[in-house]
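Remarks on the overall topology
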Amino acid sequence: MIKSRRNLSPTLPLAGVALALSAAALLGGCVVRVATPPPPPPPRVYVAPPPPPPPAYVEPAVDVEVHATEAPPPLPDYEQPPCPEDGYLWTPGYWAWGGGGYYWVPGTWVQPPRVGVLWTPGYWGFVGGVYAFHAGYWGPHVGFYGGVNYGFGYVGVGFAGGRWAGNSFAYNRTVNNVNVTNVHNTYNETVINNVTVNKVSYNGGSGGIAAAPTTQERTAMQEPHVAPTPLQRQHVQEAARNPALAAKTNGGRPAIAATPKPAAFNAPGVVGAHGAAPMGAAQLARTNGPAAGAAPGAPRANNGNAPHVNNGNGLPPGAQPSVTHVPPNGAANAQAAATKPATAKQPAPKTQPQHAKPPKEEKHQEGGNR
């Protein structure tokens, strides 16, 4: 009995070891899995909105220059159309360069870009052997425009055609064609010219106007300026596309010299230059504007407010040839000689004086072109 217990005693540790090994094997087969958290979402990236579309009209620089190798023609004689309504300001006509030659940009009535500004006309100046055009602009005061006498208040220095009175513009009837039925804010003020009256359309160079900016004009040139309005630019573009306005076609006497509103080349009230009638038929056939060449000097004379002010004297059209444009160098004698036969032929048939007028005005035009 004693022997058998000794034999069994070693088996007990062995059984315990086997049991421990079995438990270890069972525990080794269990795998504990710990769930990993999902990765964080990527950070939001800010995307700037697309830029707005460009504006339909980009205002150009005020003092854009165009160069030409030849002098512009003399300014033509023409009447001012009546002011269409309150709030319109007169912008005088001028010669522009394009397509290898000069073309006429008709004078017109324009609505200013805002209250309180005045128009400084552009002008041609001879600089460095070429003729450079200085573009016009709007500003609180009228600046230098080459000393060119554009007429209708622009006598070479400043502006005598009107002034702002609060938020409304008052028109000087002495130098503006204003119908008081449509325009009520008016006054009468005599304009005295202190410059030579001629038709020269450029500053400097041979035969040009010898004028320099005054102190007031220099100050005005430094003020904030506003470029021409979109309607003014359209007016110039329409003029450039119209073959009747080319100086090579009209000989310096455009059949469309002034319009009642910008780009209204075929509208009633269009005024032709003096002397444009002989070539007006062909031009009107192309422009389809019958009002452009009909009695160029006569429109609106019946209201008593159509002074021929672009010759600088403020006289009515009928009195203009006898006093203002008396050219030097003997041309006045030739003009007087041409006038005498016209008065001698007045007893002849009624149509005779009408044929005598164009030669008188042609002499008058040539006198302005020295």
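Refer to the structure presented above.
Residues numbered from 1 in each chain as written. Predicted model: local features only at pLDDT ≥ 70, side-chain atom pairs only at ≥ 80, totals over all residues. Heavy atoms only, no water.

**Some remarks on the overall build of the chain**
The number of helices and strands found in the chain is nine helices and 14 strands. Taking all 370 residues of the chain together, the buried fraction comes to 40%. (Helix = DSSP H or I, 4+ residues; strand = E, 2+ residues; numbered from the N terminus. Buried < 20%, exposed > 50% of the residue type's maximum accessible area, 1.4 Å probe, protein only.)

**Comments concerning the pattern of salt bridges**
With the rule as written, the count across this model stands at four salt bridges. Among the salt bridges present, the one from Lys-199 reaches Asp-77, with a minimum N-O distance of 3.1 Å. In this pair, Lys-199 is assigned in the loop between strand S12 (186-187) and strand S13 (202-203) and Asp-77 in the loop between strand S1 (65-68) and strand S2 (89-91), connecting sequence segments 122 residues apart. By relative accessible area, Lys-199 is classed as buried at 1%. A relative accessible area of 1% places Asp-77 in the buried class. Here Glu-85 and Lys-261 are joined by a salt bridge, their closest N and O atoms 3.9 Å apart. Pair noted here: Glu-85 is in the loop between S1 and S2 and Lys-261 is in the loop between strand S14 (258-259) and helix H6 (280-287), with a separation of 176 residues, a long-range link. (Salt bridge = Lys/Arg side-chain N within 4 Å of Asp/Glu carboxyl O.)

**Let's talk about the packing of aromatic side chains**
One pass over the structure, following the stated rule, counts 19 aromatic pairs. A centroid spacing of 4.8 Å and a plane angle of 80° characterise the contact between Trp-97 and Tyr-102, whose relative ring orientation is edge-to-face. Assessed through its relative accessible area of 23%, Trp-97 is described here as partly exposed. Overall, Tyr-102 belongs to the buried group, its relative accessible area being 5%. Among the aromatic residues, ring-to-ring pairing joins Tyr-78, Trp-90, Trp-95, Trp-104, Trp-109, Phe-152, Trp-164, Phe-169 and Tyr-171 into one connected group. For Arg-163, the ring lying beneath its charged end belongs to Tyr-187, and the centroid distance is 3.9 Å. (Phe/Tyr/Trp six-rings, centres within 6.5 Å; stacked < 30°, edge-to-face > 60°. Lys NZ or Arg CZ within 6 Å of the ring centre and 35° of its normal.)

**Structural notes on the sheet that holds strand S11 (residues 168-172)**
Across the sheet, which stays open at both edges, the three strands sit in the order S10-S11-S12 with mixed pairing between neighbours. With partners counted over all chains shown, the strands left at the sheet margins are strand S10 (162-165) and S12, one partner each. Alignment of S11 against S12, held across two bridges, turns out to be parallel. Note that in S12 the partner of Tyr-171 across the bridge is Thr-186. (Pairing = 2+ DSSP bridges.)

**Thoughts on the environment of Glu-223**
Along the chain, Glu-223 turns up in the loop between helix H3 (215-221) and helix H4 (230-241). Measuring from C-alpha to C-alpha, the distance between Glu-223 and Pro-140 comes to 7.6 Å, with 83 residues separating the pair along the chain. In this view, Glu-223 contacts Pro-140 and His-141; residues no more than four positions away in its chain are not counted. Among the polar contacts listed, one links the side chain of Glu-223 to the side chain of His-141, at a separation of 2.9 Å. (Contact = heavy atoms within 4.5 Å. Polar contact = N/O pair within 3.5 Å; in protein donor to acceptor, adjacent residues only side chain to side chain.)

**Here's the deal with unusual backbone geometry**
In this structure, Phe-152 takes a positive phi of about 55° despite not being glycine. Within the element layout of this structure, Phe-152 appears in the loop between strand S9 (137-139) and S10. For Phe-152, a relative accessible area of 0% corresponds to the buried category. For Ala-263, which is not glycine, the phi dihedral falls at a positive 65°. Along the chain, Ala-263 falls in the loop between S14 and H6.

**A closer look at the nonpolar core**
Counting 51 residues, the largest nonpolar core has Tyr-78, Tyr-102, Trp-124, Trp-138, Tyr-150 and Tyr-171 as its most contacted members. If you list the elements that add at least two residues to this core, you get S2, strand S3 (94-98), strand S4 (101-105), strand S5 (107-110), strand S6 (118-120), strand S7 (123-127), strand S8 (130-134) and S11. Top contributing element to this core by residue count: S4, with four residues. (Core = buried A, V, L, I, M, F, W, Y, C linked by side-chain atoms within 4.5 Å.)

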